[in-house]
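Structure at a glance
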Amino acid sequence: MTTNRDEVSVVNLLPPALAEGVIAAKSGEVPELLVKTDRIAEICEYLASSPDLSFNYLVNLTAVDWINYFELVYHLHSIRHGRMIAIKARVDHDNPVAPSVARIWDAARFQERETYDLFGISFNGHPDLRRILLYDEFVGHPLRKDYNLPREEISQQLR
Amino acid sequence: MLRGNILLTRVHKLYNWGRRNSVWPLTFGLACCAIEMIATTDPRFDIARFGMEVFRPSPRQADCLIVSGTVTKKMAPAVRRIWDQMPEPKYAVAMGSCAISGGPFVGSYNVVMGVDQILPVDIYIPGCPPRPEALLDGLMRLQKKIDKQAILFKLAWGEE
């Protein structure tokens, strides 16, 4: 897939070194960028700090299990320019690792912990990556499509 | 002079009359049932008619734990600790389907299947969530339960 540079203005604003980290782009009310997983942090860094873009607010950070791979979704909002953008990146299902954006937006600290908790995606460079919603002894990552409730748990619930 | 000024009754009856009309619940909400519990305290439903309007922020001062909502496995140790911190005599009310049996969350990985798995429950109030009238009905049943108890004798002589 090639990037349609005329269609998506945000890609035009990226320096060439970062623009090559963009795999695909989609225009719309909320433009989408599909980026290379290992480039997430530097692209986000630029999106947050560049005065032309200044996406200073991380609205949402989550993941989707597409069976063969995970897709990370970042929704960013620029309070100065009043616009939003969605960043997506694909993560390997067997070895789910992605760079952390917690040093760019503090809000990412909890959201990356939640994504780690429920999907089991590790974020490199996160200051305190541990479970947040479930208890520490919990086994597995329940929002994965291949997660099944343990058999003894089911029989206990059907007491 | 004494005529009309003396009232004869049994001590534990008088004692229970006072207890049942001053059941102070704990300010403790877990989910949407808590919103109905809050609505119960407003003038439209007026929980103050039963002397229960004094929601205490500390379990040390509370008589009644209204478990209003879903108890998750992560929250369960905190609920049990709050219960342990309450002084006797104390009462637990399971409000809503979640607190009774896990309700709509049967099959979930992180929900306790009823708060009675972690503490003794006196009154179960069904509903999802129960309306304030239902909560009041449950609390009136709790009052009847208190009326039947002989707690003064239990405290004084260690027997029922």
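This write-up is about the structure you can find in this document. (Residues numbered from 1 in each chain as written. Chains lettered and ligands numbered in written order. Predicted model: local features only at pLDDT ≥ 70, side-chain atom pairs only at ≥ 80, totals over all residues. Heavy atoms only, no water.)

Considering a nonpolar patch on the surface
Together, Y57, V59 and I79 of chain A make up an exposed nonpolar region whose accessible area comes to about 280 Å². Looking at the element boundaries, I79 of chain A is found in the loop between β4 (69–78) and β5 (83–92). (Patch = residues over 30% accessible without salt bridge, like charges linked within 9 Å, V, L, I, M, F, W, Y side chains within 5 Å. Areas by Shrake-Rupley, 256 points an atom, 1.4 Å probe, with all protein chains shown as cover. Salt bridge = Lys/Arg side-chain N within 4 Å of Asp/Glu carboxyl O. Helix = DSSP H or I, 4+ residues; strand = E, 2+ residues; numbered from the N terminus.)

A short note on the interface of chain B and chain A
Each partner contributes to the interface: chain B provides ten residues, whereas chain A provides 13 residues. Regarding the contact of chain B and chain A, the summed buried area is about 1,000 Å², with carbon and sulfur atoms giving 49% of it. By the criterion of area lost to chain A, the three top residues of chain B are K73, K74 and Y109 of chain B, representing 56% of everything that side buries. Along the contact surface separating chain B from chain A lie zero salt bridges. Applying the counting criterion to the chain B and chain A interface returns two residue pairs in polar contact (both at pLDDT 80 or more). (Contact = heavy atoms within 4.5 Å. Buried area = accessible area lost by both parts, 1.4 Å probe. Polar contact = N/O pair within 3.5 Å; in protein donor to acceptor, adjacent residues only side chain to side chain.)

Here we look at the state of the cysteines
Residue and element names in this part refer to chain B. Applying the stated criterion across every chain, the model contains zero disulfides over all chains. The structure places no disulfide on C33, whose sulfur is separated from the nearest cysteine sulfur, that of C32, by 5.3 Å. Of all cysteine sulfurs in the structure, the one in C98 sits closest to C128, which takes part in no disulfide; the separation is 5.8 Å. (Disulfide = S-S within 2.5 Å.)

With respect to the layout of surface pockets
One way to see where empty space is left: roll a probe the size of a water molecule over the atoms. In this model, the second largest pocket occupies a volume close to 160 Å³. E153, Q156 and Q157 of chain A together with K73, A76, P77, V111, V112, M113, Q117 and I118 of chain B are the residues that line the second largest pocket. When contributions to the lining of the second largest pocket are tallied by element, the ones reaching two or more residues are α5 (151–157) of chain A together with α3 (76–85) of chain B. Residues of the lining of the second largest pocket, tallied by class, amount to six nonpolar, three polar and two charged. (1 Å grid on protein atoms, 1.4 Å probe; cavity = no way out; pocket = protein on both sides within 12 Å on 5 of 7 lines; lining within 4 Å. Points joined across faces, edges and corners; volume = space filled by probe spheres on them. Nonpolar A, V, L, I, M, F, W, Y, C, P; charged D, E, K, R; others polar.)

Describing unusual backbone geometry
Of the consecutive residues E88 of chain B and P89 of chain B, the connecting peptide bond is found in the cis state with omega at -5°. Mapped onto the elements, P89 of chain B comes out in the loop between α3 and β2 (91–95). Look at the link from C128 of chain B to P129 of chain B: it is a cis peptide, with omega at -10°. Structurally, P129 of chain B can be placed in the loop between β3 (123–125) and α5 (132–148). Backbone geometry at S54 of chain A places phi at a positive 40°, although glycine is not the residue there. Structurally, S54 of chain A can be placed in the loop between α3 (40–49) and β3 (57–65). Residue S54 of chain A is classed as buried on the basis of its relative accessible area of 7%. (Buried < 20%, exposed > 50% of the residue type's maximum accessible area, 1.4 Å probe, protein only.)

Quick notes on the sheet that holds strand β2 (residues 32–35) of chain A
Residue and element names in this part refer to chain A. The strand order across the open sheet built from five strands is β1-β2-β5-β4-β3, with neighbouring strands paired in mixed fashion. Every other strand in the sheet has two partners, leaving β1 (22–26) and β3 as the edge strands with one partner each. Recorded for the sheet is a direction-independent mean angle of 20° between the axes of neighbouring strands. Pairing geometry for β1 and β2, over four bridges, is antiparallel. (Pairing = 2+ DSSP bridges. Axes fitted to C-alpha atoms, helices over the stretch in contact; angles between N-to-C directions.)

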